[in-house]
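Chain residues, written in single-letter form:
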Amino acid sequence: MTHAQTNLAAVESPFPQYLEHSGVRIPFDDQIITPAIETAIRSGAFEAEEASEIPGIVVQGDRVLEIGAGIGFISTLLARQPEVTRIVAVEANPNLLPYMQRLHEENAVHKVERRNVVLTNSADKQMTFYLRRDFWMGSLSEGPNPYESSVSVPTQSLNDLLRSEQITLIVCDIEGAETYLFDGADLLGVDRIYLEIHDHVTGLCGVQRLFRTMTEQGFAFDPRHSSGSIVLFRRTSENEVLRPYNG
C-alpha cells in the first residue's frame, strides 16, 4: 500500500470521531461506545428521560452528587445549568474515568470533580466491581447478567461526602445498589434524589425497600418529574406550598 493509500484509509475510517446527543459531543471510542450504546446515542434514547427532566429538577445553588456517572453525559448536562454551582461525579469503573475527563474537556465542563470510588457507609475499604461489555451494565453484583472481569475499587463514606460537599441533589444510576445505599444514610441536607430503579436486578421487593427507605428519610415520590423507572424523590415539608396543576 502506498503512502497516499494509507492516508486515504485513515480518512475513510468507518468509525465517526464524535457522536452528538442533546448538544453533548461524545468522543467515539469503540472500547467504551459499544454497538448497543452507539445505537442508543444515535437514536436519542441514551439517558433521554434524565436529560429532559434535569432543567426542571435543579434549583438555585444546587450542589450535586452524581453516583454512577458513567461517561460524564449527565454531569455535562448538569454543569450547563446555571443554577448548579458544583458537581461531584462518582464512578466505580476505573476504565471510564479517562474517557469522562475527555468528554468533559470536549464540552468545556469545568465545575465537575471526578472520583473513582464506591460510596458506602460500611467499614469496607475496598469493594469488588463487576465489569461488563456495555459499561452501563457494570455493577457491584455478580448477577444476574454474566460479567467479563472484576476490579477492586476503594470506598468513600457517603455520609462524609454529603456533609463535606453540602450536597442538595443526588442523581443516581447504580444498577440495583440504590436499593440499599441510602439505608441509614445521613440525608439531612439533601432535598431531592433523582434515580433509576433496576427492578430486573432487585425485584419488586427491592423497589419496595427503596420506597420504604425514602419515606423513612422524609422523602416523597414526585410524579411530576418521574417516568417509568426514572424516579424523583423530594423532601417533604410540614409547611408545603401546593403546586398549581400545569396539566
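Our subject is the structure listed above.
Residues numbered from 1 in each chain as written. Predicted model: local features only at pLDDT ≥ 70, side-chain atom pairs only at ≥ 80, totals over all residues. Heavy atoms only, no water.

Notes on empty space enclosed by the protein
Under the defined criterion, the tally for this structure stands at one cavity of 30 Å³ or more. As a volume, the largest cavity reaches approximately 40 Å³. Looking at the largest cavity, the residues that line it are R132, M137, S139, G143, P144, N145, E175 and V201. Taken together, the residues that form the lining of the largest cavity break down as three nonpolar, three polar and two charged. (1 Å grid on protein atoms, 1.4 Å probe; cavity = no way out; pocket = protein on both sides within 12 Å on 5 of 7 lines; lining within 4 Å. Points joined across faces, edges and corners; volume = space filled by probe spheres on them. Nonpolar A, V, L, I, M, F, W, Y, C, P; charged D, E, K, R; others polar.)

Section: the layout of surface pockets
Taken as a whole, the largest pocket holds about 820 Å³ of empty space. Considering the residues around the largest pocket, the lining is formed by 45 residues, among which I67, G68, D173, I174 and E175 are closest to the centre. Counted by class, the lining of the largest pocket contains 28 nonpolar, nine polar and eight charged residues. In this structure, the second largest pocket spans a volume of roughly 230 Å³. Along its surface, the second largest pocket is lined by A220, F221, D222, P223, R234, R235, T236, S237, E240, V241 and R243. Those elements giving two or more residues to the lining of the second largest pocket turn out to be β11 (219-227) and β12 (230-235). The element that contributes the greatest number of residues to the lining of the second largest pocket is β11, accounting for four residues. (Helix = DSSP H or I, 4+ residues; strand = E, 2+ residues; numbered from the N terminus.)

A word on the sheet that holds strand β8 (residues 149-157)
The strand order β6-β8-β7 describes an open sheet built from three strands, whose pairing is mixed. The open sheet is flanked by β6 (118-120) and β7 (126-131), the only strands paired with a single partner. Each strand of the sheet is rotated relative to its neighbour by a mean of 45°, with strand direction disregarded. In terms of strand pairing, β7 meets β8 through six bridges, oriented antiparallel. Across the sheet, F129 pairs through a bridge with V151, a residue of β8. Those strands touched by helix α6 (residues 158-165) are β6 and β8, and its axis lies near 50° from that of β8. (Pairing = 2+ DSSP bridges. Axes fitted to C-alpha atoms, helices over the stretch in contact; angles between N-to-C directions. Contact = heavy atoms within 4.5 Å.)

Focus on the sheet that holds β12
Strands sit in the order β5-β4-β3-β9-β10-β12-β11 across an open sheet of seven strands; the sheet is mixed. Edge positions in the open sheet fall to β5 (112-115) and β11, since each of these has one partner strand only. Here the average twist between neighbouring strands, direction ignored, is 20°. Of the strand pairs in this sheet, strand β10 (residues 192-196) and β12 are connected by five bridges, and their pairing is antiparallel. Residue I193 lies in a different strand from β12, and its bridge partner there is F233. Against the sheet, helix α3 (residues 48-57) engages β3 (62-67), β10, β11 and β12, with an angle of about 175° to β10. Those strands touched by helix α5 (residues 97-106) are β4 (84-90) and β5, and its axis lies near 170° from that of β5.

Remember that the coordinates give geometry; whether it matters functionally is a separate question.
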